[in-house]
Amino acid sequence: MNLLLKRLAEGARAIGRQPLLARSVAALRRALAHLSPGRLGAAIVARLPGRIAGRIRTVESRHPNVVGRAVVVCVGMLILAMAWFSYDHLRVSQPGNQSLPDFRVFENSGDRKEAFIEFLWPVVKYENRRVLAKREKLLAILDKLEDGEHATPDEQAWLAKQAQLYRVKAKGKLERARKLATRVDIVPTSLALSQAALESAWGTSRFARQGNNLFGQWCFTAGCGIVPRRRPERATFEVQAFDTIAGSVRTYLRNLNSHPAYQPLRDIRAQARKAGREPSGLEMAAGLINYAAIGEDYVKHIRGVIRRNDLDRLDSAG
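From a predicted model like this one, the values you see are computed outputs, not experimental measurements.

What follows deals with unusual backbone geometry. The backbone of Ala201 sits at a positive phi, close to 55°, despite the residue not being glycine. Secondary-structure assignment places Ala201 in the loop between helix H9 (189-200) and helix H10 (206-211). Positive phi is not limited to glycine here, since Trp202 has a value of about 60°. Note that Trp202 resides in the loop between H9 and H10. Residue Trp202 is classed as buried on the basis of its relative accessible area of 14%.

See the structure below:
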């Protein structure tokens with residue numbers, strides 16, 4: 001039954017990704033925690049006409065709990081139907097192209113976490129796919145250059161633009177492409193979700209609610225964001241504000257892929273690629289030692305969030 005509920009939650013997440021569905025699955029899970037499938041089946045049968053109830057009890061005597069399990073499956077199918085019909089196929093294909101929902105409405109922390117993950121997971125997945133599309137173009141140009149061919153003027157201009165975007169300094173086109181190949185790459189979903197959860201208190205922080213900032217990114221131009229209440233007197237930084245959640249995620253990915261402080265993270269990812277493995281969030285967390293002042297403790301916190309919430313299961317899904 002627990003496996004059924006887990007698969008049900010995953011199915012709802014894959015189709016609809018709406019906070020309401022998280023609450024529906026959570027409510028079903030809580031009901032089953034207090035009411036066994038057998039008792040659930042008995043309660044249903046007791047409200048049916050006598051002849052039908054008698055036939056069902058005969059089946060139930062031969063196959064205990066079958067009625068209760070059937071009810072759970074039917075409710076599960078109903079939730080999945082809700083997921084499917086709540087998914088607007090006509091909307092813009094880019095998820096996260098809006099502001100953050102108010103996750104404070106969830107009184108139960110487990111429901112809040114599940115809703116936050118359901119909301120943010122497809123955004124991270126989409127933005128990672130954008131990076132991967134760029135990476136495929138880059139690797140095609142790199143193969144061309146390593147074979148001794150010349151890049152076209154458009155390809156040279158594109159490489160120059162990416163080098164500026166990802167803070168790459170190189171003398172020639174080949175060296176530039178090789179360095180870019182270590183930077184233009186995904187950040188595992190589990191790592192992005194765990195950092196967003198930790199930095200934004202599962203989407204409830206002031207900066208998340210007012211500025212769609214899930215990762216604590218700073219900016220240094222007056223008016224570029226939100227001034228922290230406890231900012232040192234002579235400091236000028238602000239917590240960056242974004243129009244959409246997608247913008248926050250996109251900036252976060254580029255930050256990890258370009259800032260010198262996260263070279264260790266990129267090295268871990270490059271080693272995984274060289275070994276023919278997909279990058280792991282738990283593994284790459286070691287490269288975040290410079291993300292916060294607490295250093296190693298921050299890495300432990302990130303890994304703890306990944307493990308406690310089983311986030312690494314989402315790495316292979318996007």
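Take the state of the cysteines next. Under the definition given, this model contains one disulfide. A sulfur-sulfur distance of 2.0 Å marks the disulfide that ties Cys219 to Cys224. The S-S bond linking Cys219 to Cys224 shows a torsion near 90°; that makes this disulfide right-handed.

Moving on: the packing of helix H6 (residues 109-146) against helix H11 (residues 245-258). The interhelical angle for the contact between H6 and H11, taken along N-to-C directions, is 50°, at an axis separation of 10 Å. Taken as axis vectors, H6 and H11 run oblique relative to one another. Of the two elements, H6 crosses H11, and the hand of that crossing is right-handed. Residue-level contacts link Phe119, Leu120, Val123, Val124, Glu127, Asn128, Arg130 and Val131 of H6 to Ile245, Ala246, Val249, Arg250 and Leu253 of H11. For the contact of H6 with H11, the class distribution of residues is nine nonpolar, one polar and three charged.

Okay, the packing of aromatic side chains next. The relation between two aromatic rings is expressed through the spacing of the ring centres and the mutual angle of the planes. By the definition in use, this model includes nine aromatic pairs. Residues Phe103 and Phe106 carry aromatic rings whose centres are separated by 6.5 Å and whose planes lie at 25° to one another, so their mutual orientation is stacked. Assigned by exposure class, Phe103 and Phe106 land together as buried. Measuring from centroid to centroid gives 6.3 Å for Trp218 and Phe220, while their planes differ by 70°, and the two rings are edge-to-face. For Trp218, a relative accessible area of 47% puts it in the partly exposed group. Taken together, the ring pairs in this structure connect Phe103, Phe106, Phe116, Phe119 and Trp202 into an aromatic cluster.

Core analysis: the biggest nonpolar cluster contains 57 residues, and Leu120, Leu191, Leu214 and Tyr252 have the highest contact counts within it. At 13 residues, the largest contribution of residues to this core is made by H6. In contact with Leu191, not counting residues within four places along its chain, are Tyr252, Leu265, Gly281, Met284, Ala285, Leu288, Ile302 and Ile306.

Our focus in this paragraph is the sheet that holds strand S2 (residues 225-226). On the basis of which strands lie adjacent, the open sheet formed by three strands has the order S1-S3-S2 and antiparallel pairing. The open sheet has two edge strands with one neighbour each: strand S1 (218-219) and S2. Pairing between S2 and strand S3 (residues 238-240): two bridges, direction antiparallel. Along S3, the bridge assignment pairs Ile226 with Val239.

Right, let's get into the packing of H6 against helix H8 (residues 173-181). Contact geometry for H6 and H8: axes closest at 9 Å, N-to-C directions at 145°. Note that H6 runs across H8; the crossing there is left-handed. The residues of H8 that touch H6, namely those facing Arg135, Leu138, Leu139, Leu142, Leu145 and Glu146, are Lys173, Leu174, Ala177, Arg178, Leu180 and Ala181. Residue composition of the contact of H6 with H8, by class: eight nonpolar, no polar and four charged.

Let us now look at H6. Every α-helix winds through 3.6 residues per turn, so residues three or four apart in the chain are directed the same way. Helix length check: H6, at 38 residues, gives a terminal C-alpha distance of 52 Å against a target of 56 Å (1.5 Å per residue), a fit within 8%. The sharpest bend along H6 reaches about 30° and sits at Leu120, with the proline Pro122 one to four residues further on. At the N-terminal end of H6, a side-chain oxygen is found 2.8 Å from the backbone nitrogen of Gly110, two or three residues along, and the residue is Asn108. Note on H6: the residue one or two positions beyond its end, Gly148, has a positive phi of about 90°.

Right, let's get into the side chain of Glu127. Note on placement: Glu127 falls in helix H6. In terms of polar contacts, Glu127 uses its side chain to reach the side chain of Arg130, at 3.2 Å.

For the rest of this paragraph, the subject is helix H12 (residues 263-274). A rise of 1.5 Å per residue sets the reference length of H12, with its twelve residues, at 16 Å; its end C-alpha atoms lie 16 Å apart and thus fit the reference within 8%. Structurally, H12 contributes buried residues whose contacts are with H9, H11 and helix H13 (281-284). Of the residues trailing H12, Gly276 is marked for its positive phi of about 80°.

To continue, consider the environment of Ala160. Considering the arrangement of structural elements, one finds Ala160 in helix H7 (residues 153-165). For the pair formed by Ala160 and Ala170, sequence separation is ten residues and the distance between their alpha carbons is 10.0 Å.

Time to look at the pattern of salt bridges. For the structure shown, the criterion picks out eleven salt bridges. Its salt-bridge partner being Arg250, residue Glu127 comes within 3.0 Å of it at the nearest N-O pair. Taken together, the residues span a long stretch of sequence, with Glu127 in helix H6 and Arg250 in helix H11 at a distance of 123 residues. Given the relative accessible area of 27%, Arg250 is considered partly exposed. Across the pair Arg273 and Asp185 runs a salt bridge whose closest N-O atoms are separated by 2.7 Å. Residue Arg273 is found in helix H12, and its partner Asp185 is found in the loop between H8 and H9; the two are separated by 88 residues along the sequence. Relative accessible area serves as the criterion here: at 25%, Arg273 is assigned to the partly exposed category.

Procedures and definitions
- Residues numbered from 1 in each chain as written.
- Predicted model: local features only at pLDDT ≥ 70, side-chain atom pairs only at ≥ 80, totals over all residues.
- Heavy atoms only, no water.
- Helix = DSSP H or I, 4+ residues; strand = E, 2+ residues; numbered from the N terminus.
- Buried < 20%, exposed > 50% of the residue type's maximum accessible area, 1.4 Å probe, protein only.
- Disulfide = S-S within 2.5 Å.
- Axes fitted to C-alpha atoms, helices over the stretch in contact; angles between N-to-C directions.
- Parallel < 35°, antiparallel > 145°, perpendicular 65-115°, else oblique.
- Left-handed = near helix turned anticlockwise from the far one by under 90°.
- Contact = heavy atoms within 4.5 Å.
- Nonpolar A, V, L, I, M, F, W, Y, C, P; charged D, E, K, R; others polar.
- Phe/Tyr/Trp six-rings, centres within 6.5 Å; stacked < 30°, edge-to-face > 60°.
- Core = buried A, V, L, I, M, F, W, Y, C linked by side-chain atoms within 4.5 Å.
- Pairing = 2+ DSSP bridges.
- Expected span 1.5 Å × (residues − 1).
- Bend = angle between axes of the 7 residues up to and from the residue.
- Polar contact = N/O pair within 3.5 Å; in protein donor to acceptor, adjacent residues only side chain to side chain.
- Salt bridge = Lys/Arg side-chain N within 4 Å of Asp/Glu carboxyl O.

Function cannot be inferred from these measures alone, as they are strictly geometric.
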